[in-house]
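# Inside the fold
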Amino acid sequence: MAIYGIATTNDGMPVTGRDLEAMRSCLAPHKAPADSLVLPHVGVGSVAVAPSAAFSSYEHLLVACDSDLYSPVISNETSAAEAIARLYLSEGPLFLHKLSGAFALAIWDVKTGTLMLAVDRFGIKRICYAKTDSEIIFATRPSAIFASNRVQKNVDLSAITEYLVYNVVSIPRTAFAGIARVAPGEYVLWTEKGASKTRYWDMRYPEDDRRSNHALSEELLSRMEAAVRVTSADLNLSTTGCFLSGGTDSSSILGLLTRLYSAPVNAFSIGFSEDRFNELQYAHLAAKHFQAQHFEDKLGPVEARNSVDKIVSTYDEPFGNSSAIPTYWCAKLARERGMEVLLAGDGGDELFGGNERYREEQIFDFYQRIPNSARRWLIEPAVFGSSLTVGPFGKAKNYIRRCNTGNPDRYFRWRLLRRFSPDLVLGSDMPFRNGHSDLLTTARLHYGSAPAKTELNRLLYVDVKMTLGDDDLPKVTQTAEMAGIRVRFPYLDHELAEFSGRLPAALKVRLLEKRYLFKRATRNLLPEAILKKKKHGFGLPIGFWLKSDPHWHAWAKEVLYDPRTYQRGYFRREFVEQLFSDMQQDETPYFGDLLWVFLVLELWHRQHVEVAACCT
């Protein structure tokens, strides 16, 4: 699904059919339309929309909408685009609060000469844009913007540095200079006077619901069930399924869907040929418990390698999350079994406190609760006054240093460019190489602006923006789109998300127990073994294959030892060679996982920057 268009001022460069045809052709693999609509009105070049999305010309509005809405304002008699047009006419941009589900939309108001671009609250759908003094070009993908031949393709080196910190490029940035993404919960208004951005929705953490744990757990389960109901009510159960990793989120969605419809639900799982990475037993347990129609497959190094180039081509930007590979294979399996829609459990960790690092942060928080005078004058002089660097004193010193390192620095301490000096990793002309600039600018911005009172909720907010919005959602939505599958995310229903923000932080992670209230809410729904299992998800043995599989190892060396790889100037060959050496001596997949980040960056450059494809 894709939308694209160009809006110009009166003195802007005329829009030609060739411009639009080039954009259309670039999006053709993503089901763009066979033709484009060129508007005869002064001040606009064009608006085009994929037939699988929606388009409406209503009064003085033109609406292009790529959406998967389940709002009550959308009826069977009215298209989503027409309903949006009517709402916009009556309420202006405030109408966005009435939409539920995923959407990316463009509205051209002929009367006022205003273009509005907007995406849903969590950024499930996407849209990007480039603007000058006289025009704005927008599209689902940056490649379509370049196809218009109105924007020059230049890599944003600061974005590449950021990729080497987070393994993704963070919104609103893209990997290309001059191209921005509309952020989740945001809309952009453009007129001949310029562009402005407005946030219409955000996660907030008032923590103002102080009822008993029992009452809150019952309401949480009720709201979870309501979210599954509202996101599935218009779906055909025979062509609908669930991602099933065997974790608490995917298993609870399967359980609630089964409870709602009293019928076997389709569930899909991917395991691995290497037993040490295979956790299909938990998926088996959930499927048996809920009597699901369970389909599974095992992914080996050959199948995984054969899908890498296709996945890299799907992302216009470097995307270093290797679990995109099994996610794609799971969606592909579902499509082969006749599925059209899958429900995914993404968001549960960030809303209810499910990541291991939240528990780790609680351990650090214990120390900060000790009175400052005791820490400063008693504990730290005793610990750091000792010359011992191993054993209990060594561990105590390391623990205190971490405790005294504020967030988000502590939270991101294991990231590549935090673990290794940028001087060792980055090419000589890369930004941030000298260490004088802040590598955590994006994380620090989210952390500092979090509408939260407690440390845990600040970190949850950072993860909603970065782990979820920048990483997990693109992983699922874009690989599923490759496979021909739509995805809905019940736990990202905004009413459930807003309720989670009202829960006290202590009910998300209590002492050292993650998901405290969530587990109380689902204790009669989920098998005990799943409630107690460690988080795994769709992890992938990339580091293991790069080290142990001869074909993967040879391929990675072929790419990363190629002299042209270092013509980009992104990273230093000496560092990559050291990673290969360290990988062979280390028993863990750690160094192999780091090599994957560099491998993806180079493959991305070859497919999206170096090669003159349809968009150049």
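One can find the structure itself at the top, above this paragraph.
I will try to describe carefully the structure that is included in this document. Since the model is a prediction, treat every value here as computed from it, not as a measurement. Each chain has its residues counted from 1, running along the sequence as written. With the structure being a predicted model, the display of local features is reserved for residues of pLDDT at least 70 and the display and counting of side-chain atom pairs for 80 or more, all residues being used for whole-chain, interface and lining totals. With hydrogens and water excluded, all non-hydrogen atoms of the structure serve as input to the side-chain values.

Looking only at helices and strands, one finds 24 helices and 19 strands in the chain. The C-alpha radius of gyration computed for the chain amounts to 25 Å, which stays within 12% of the reference 25 Å derived for 616 residues, consistent with globular compactness. Taken along the three principal axes of its C-alpha coordinates, the chain extends 80 × 60 × 50 Å. Only protein chains enter the area calculation, which uses a 1.4 Å probe; residues under 20% of their type maximum are buried, those over 50% are exposed, and those in between are partly exposed. Within the chain, the fraction of its 616 residues that count as buried is 59%. Expressed as a percentage of contacts within the chain between residues at least 6 apart in sequence, the contacts between residues at least 24 apart total 71%. In these tables, accessible area is a Shrake-Rupley quantity obtained with a 1.4 Å probe, and a residue counts as shielded only by the protein chains included in the view. When the accessible surface of the chain is summed, it comes to about 25,100 Å², and 50% of that surface belongs to carbon and sulfur atoms. In the chain, 73 side chains carry a positive charge and 72 a negative one; their mean positions are 5 Å apart. Each helix is a run of DSSP H or I of at least 4 residues and each strand a run of E of at least 2, with the numbering of both proceeding from the N terminus. For the radius of gyration, the atom set is restricted to C-alpha positions; the globular benchmark scales as 2.2 Å times the number of residues to the power 0.38. Should any heavy atoms of two residues lie within 4.5 Å, those residues are counted as being in contact. Counted as positive: Lys and Arg. Counted as negative: Asp and Glu, with His and the chain ends omitted from the count. For charged residues, the charge sits on one atom: NZ in Lys, CZ in Arg, CG in Asp, CD in Glu.

For the rest of this paragraph, the subject is the sheet that holds strand E5 (residues 61-69). Each pair of strands is called paired provided DSSP finds at least two bridges between the two strands. The six strands are arranged E4-E5-E6-E7-E11-E12 in an open sheet whose pairing can be described as antiparallel. Every other strand in the sheet has two partners, leaving strand E4 (54-58) and strand E12 (194-199) as the edge strands with one partner each. Geometrically, the sheet is characterised by an average inter-axis angle of 15° between neighbouring strands, direction not taken into account. Pairing geometry for E4 and E5, over five bridges, is antiparallel. Counted as the bridge partner of Ser56 is Val63 from E5. Think of each axis as a best-fit line through the C-alpha atoms, taken over the contacting stretch in the case of a helix, with angles from 0 to 180 degrees between the N-to-C directions.

We now examine empty space enclosed by the protein. Rolled over the atoms, a probe as big as a water molecule pinpoints where empty space is left. Of the two site types, the cavity is a set of points on a 1 Å grid over the protein atoms alone where a 1.4 Å probe fits but cannot get out, and the pocket is an open set with protein on both sides within 12 Å along at least five of seven lines, each lined by residues with an atom within 4 Å of a point. Grid points are joined across faces, edges and corners, and a volume is the space filled by probe spheres set on the points. Applying the stated criterion across every chain, the model contains six cavities of 30 Å³ or more. Its volume calculated, the largest cavity comes out at about 210 Å³. Residue lining of the largest cavity: 18 residues in total, with Arg181, Tyr315, Asp316, Glu317 and Gln478 positioned closest to the centre. Among the elements that line the lining of the largest cavity, the one with the most residues is helix H17 (residues 455-483), at three residues. Three residue categories are used. Nonpolar comprises Ala, Val, Leu, Ile, Met, Phe, Trp, Tyr, Cys and Pro, charged comprises Asp, Glu, Lys and Arg, and polar comprises the others, including Gly. When its residues are assigned to classes, the lining of the largest cavity shows nine nonpolar, three polar and six charged. Ile311, Val312, Phe319, Trp596 and Val600 are, among the 14 residues lining the second largest cavity, the residues nearest its centre. Its residues placed into classes, the lining of the second largest cavity shows eleven nonpolar, two polar and one charged.

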